[in-house]
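Residues per chain are reported as follows:
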Protein chains: 2
Amino acid sequence: MQITDLNLSTRQVRAFTALAEHRNFTRAAEQCHLSQSAFSSLIRTLEDSLGVRLFDRDTRRVELTPEGRLFLGGATRVLASLRDALEDLGEHATGRRGRAGVAALPSLAAGWMPGVLAAFHQEYPGIQVDVADVLSESCIEFVRSGRADFALASMRSVGPDLQAEPFCRDGFYLVCRKDHPLSRRRRLTLPALSGEPFIHLAQDSSVRQHIEAAIHPAKMNGMMELDQLSTVAGMVRAGLGITVVPALTLFHFDSDDLTALPVETPGLTREVFVIRRRDRSLSIGAQALLAFMMQRRPQPGEKRGSRRAAALPRGRSR
Amino acid sequence: MQITDLNLSTRQVRAFTALAEHRNFTRAAEQCHLSQSAFSSLIRTLEDSLGVRLFDRDTRRVELTPEGRLFLGGATRVLASLRDALEDLGEHATGRRGRAGVAALPSLAAGWMPGVLAAFHQEYPGIQVDVADVLSESCIEFVRSGRADFALASMRSVGPDLQAEPFCRDGFYLVCRKDHPLSRRRRLTLPALSGEPFIHLAQDSSVRQHIEAAIHPAKMNGMMELDQLSTVAGMVRAGLGITVVPALTLFHFDSDDLTALPVETPGLTREVFVIRRRDRSLSIGAQALLAFMMQRRPQPGEKRGSRRAAALPRGRSR
DNA sequence: CACACTTACGATATTCGTAAGGATT
DNA sequence: AATCCTTACGAATATCGTAAGTGTG
């Protein structure tokens, strides 16, 4: 018989090693949770399919044949490597070990994620999380290339190989000095701010694009254009102008001098999506992380990013 | 589920690796000689019993899940170590490889065995033969301790743990110089030789014991006692006396000066037995060697041990 | 006769292949 | 329409446990 056509079960091999150990059918059968007779025919079947007698036995004595001794070594190794593989698999399947790669907008990665990841690490200490804090476009690329299992990003239009589902909505807030006249207004809209000196982010940032789309075809009174929100915060604190940013970035502006007020212009919300590959399931670890994040997704109106929260331990991340 | 209770078949694991390789149920099923539907449920059963989804599949695409990729390594290793074990076992079972340990009387080991082992090695080049050429008592000990699988020796009374079955009978021969008057006799008996100066072997040799038992209570006219047959041969050739030895030892006396004539005294035969452990089967290699030797056992009346035969290559031996 | 392995046998469970179903290109 | 995986289902096969059989100390 061809080796590749041979069908062996782990049960048979385990029965073999059990009998080799006990040299006694009855006790070996007990160890395998089998009746003695079923165990007997199991051994016989094994011997038949291998074409070798593995045990010398009469009613009184059970001993390995020389070939049985030879096979015992191989059988033990096979069972050991199988056990290793199954334990490994089991640990991943139950989330005791694993890996999850997530790409996220820098605002989410810096403001909202650290606390979430800290809690996640508490619950799943064996799962390594790799974070890529990059802009939306790069997030997509991370997912497409497989470097990330999923992404939290704001691009809706992704290729057919990816799928996007809503994650959260992010309202926009005016940020200005507390002594600025606007800080006493009840209701704010984007056009109402269009006369103020405005600190912009770069043209390719999603924040800038949301703002310009919402007020189009008008424009804000831009007086400066920066790349980093923390620099924007410094400029606003210095009284050089005002700015408008999504709620999730407000932690950058967490200062006693500044205040943040919701801007109620229809269409001025940033939508964040969960983006992942369409035809490919998430690893168990990534599934756990995603479920965890979905449960703790930022609530609309919730202002995140107090210094206390941002100072939380960040868990394992790249 | 406990890992130790899990029953996996090699068929399942092979199906898994086949599908991982082909990423196509139909072709993987063919490789496993299964219908596509049976193959499908095989994979499903495997996934269920492992509790992990191993493949992402729709009607168009089949891909390993992250857990599937993880398991693929383990599964490959398991199959490889199983294949190794089975090949090893198969080679031993079919006699392509193996070992046989045999203990034999020095006379058999030196005279009859070399040619037999040479032929055996031709037919079973992969079987290593270990020979112990020791006296009968040591032969028994080799078998009892397991250092030899079986022995060819002349002791009949062995313990209950061993069994002895007849192997061959060995007639006794007078050896004297060709110019000795006895060499012209037609029929020879032991008593008829009792007057001649006789070259004895040591008291504990089986040859000496056979001779003394056959002529008891009379005695031969011993004039010398030696340990080695080759020394005996030298003495006889020098004309110091005559001797009587079993046929299988005659190769020691293969000289132009000497002649060997059968001694026809009832009871004067040496019986050689195959001795082996009772409750323990022989390794396949030992079985092959024993069967081979049984087929070629020395024939009664056959005079072995010409210089030509003794010069044959001896095959592999210790 | 007590113990320990084997055999007999009916019940249950598994596995197989054929054929129909459903989804995708 | 063609391809490819899944499901349905009856038949063949395998496995199990109970119980009887057999051989040994």
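All of these numbers come straight from a predicted model, not from anything done at the bench.

Novice: What is the right way to look at the protein's contact with DNA strand D in this model?
Specialist: Around DNA strand D sit 19 residues in total, of which Ser37 of chain A together with Gln36, Ser40, Arg57 and Arg60 of chain B are the nearest. A share of 64% is what sugar and phosphate atoms reach among the atoms of DNA strand D within 4 Å of the protein. Contacts to DNA strand D include Thr59 of chain A, whose side-chain N or O atom sits 3.1 Å from a sugar or linking oxygen. Within the side chain of Arg57 of chain B, one N or O atom sits 2.3 Å away from a phosphate oxygen of DNA strand D. Elements represented by at least two residues in the surface near DNA strand D include exactly helix H3 (36-50) of chain A together with helix H2 (25-31) and helix H3 (36-50) of chain B. No other element matches H3 of chain B, which puts four residues into the surface near DNA strand D.

Novice: It is not clear to me how the packing of helix H1 (residues 10-22) of chain A against H3 of chain A should be interpreted in this structure. Could you clarify?
Specialist: Each pair of packed helices can be described by the angle between their axes along with the distance between the axes. Residue and element names in this part refer to chain A. Direction vectors running N to C along H1 and H3 enclose 105 degrees, while the axes themselves pass 10 Å from each other. The angle between H1 and H3 places the two elements in the roughly perpendicular class. Contacts between H1 and H3 involve Arg11, Gln12, Ala15, Phe16 and Leu19 from the former and Phe39, Leu42, Ile43, Thr45 and Leu46 from the latter. Class assignment of the residues belonging to the contact of H1 with H3 gives a composition of seven nonpolar, two polar and one charged.

Novice: Which parts of the structure should I look at to understand unusual backbone geometry?
Specialist: Trans peptide bonds make up the majority, and among non-glycine residues the majority have a negative phi. A cis amide bond links His216 of chain A with the next residue in sequence, Pro217 of chain A, at an omega value of 10 degrees. For His33 of chain A, which is not a glycine, the phi torsion comes out positive at approximately 60 degrees. In this structure, His33 of chain A sits in the loop between helix H2 (25-31) and H3. Not every positive phi belongs to a glycine, and Arg23 of chain B is a case in point at roughly 55 degrees. Looking at the secondary structure, you find Arg23 of chain B in the loop between helix H1 (10-22) and H2.

Novice: How should I be thinking about the packing of aromatic side chains in this particular structure?
Specialist: For any two aromatic rings, the description comes down to two numbers: the centre-to-centre distance and the angle of the planes. All names here are of chain A. A full pass over the atoms with the stated rule returns twelve aromatic pairs over all chains. Ring geometry for Phe25 against Phe39: centres 5.8 Å apart, planes inclined by 85 degrees, an arrangement best described as edge-to-face. Residue Phe25 is located in helix H2, and its partner Phe39 is located in helix H3; the two are separated by 14 residues in the primary sequence. According to the relative accessible area criterion, Phe25 is buried, its value standing at 10%. Three or more aromatic residues joined by ring pairs form one cluster here, namely Phe16, Phe55 and Phe71. Across from the ring centre of Phe292, 3.6 Å away, lies the NZ or CZ of Arg296, which sits over that ring.

What counts and how
Residues numbered from 1 in each chain as written. Chains lettered and ligands numbered in written order. Predicted model: local features only at pLDDT ≥ 70, side-chain atom pairs only at ≥ 80, totals over all residues. Heavy atoms only, no water. Near = heavy atom within 4 Å. Polar contact = N/O pair within 3.5 Å; in protein donor to acceptor, adjacent residues only side chain to side chain. Helix = DSSP H or I, 4+ residues; strand = E, 2+ residues; numbered from the N terminus. Axes fitted to C-alpha atoms, helices over the stretch in contact; angles between N-to-C directions. Parallel < 35°, antiparallel > 145°, perpendicular 65-115°, else oblique. Contact = heavy atoms within 4.5 Å. Nonpolar A, V, L, I, M, F, W, Y, C, P; charged D, E, K, R; others polar. Phe/Tyr/Trp six-rings, centres within 6.5 Å; stacked < 30°, edge-to-face > 60°. Buried < 20%, exposed > 50% of the residue type's maximum accessible area, 1.4 Å probe, protein only. Lys NZ or Arg CZ within 6 Å of the ring centre and 35° of its normal.

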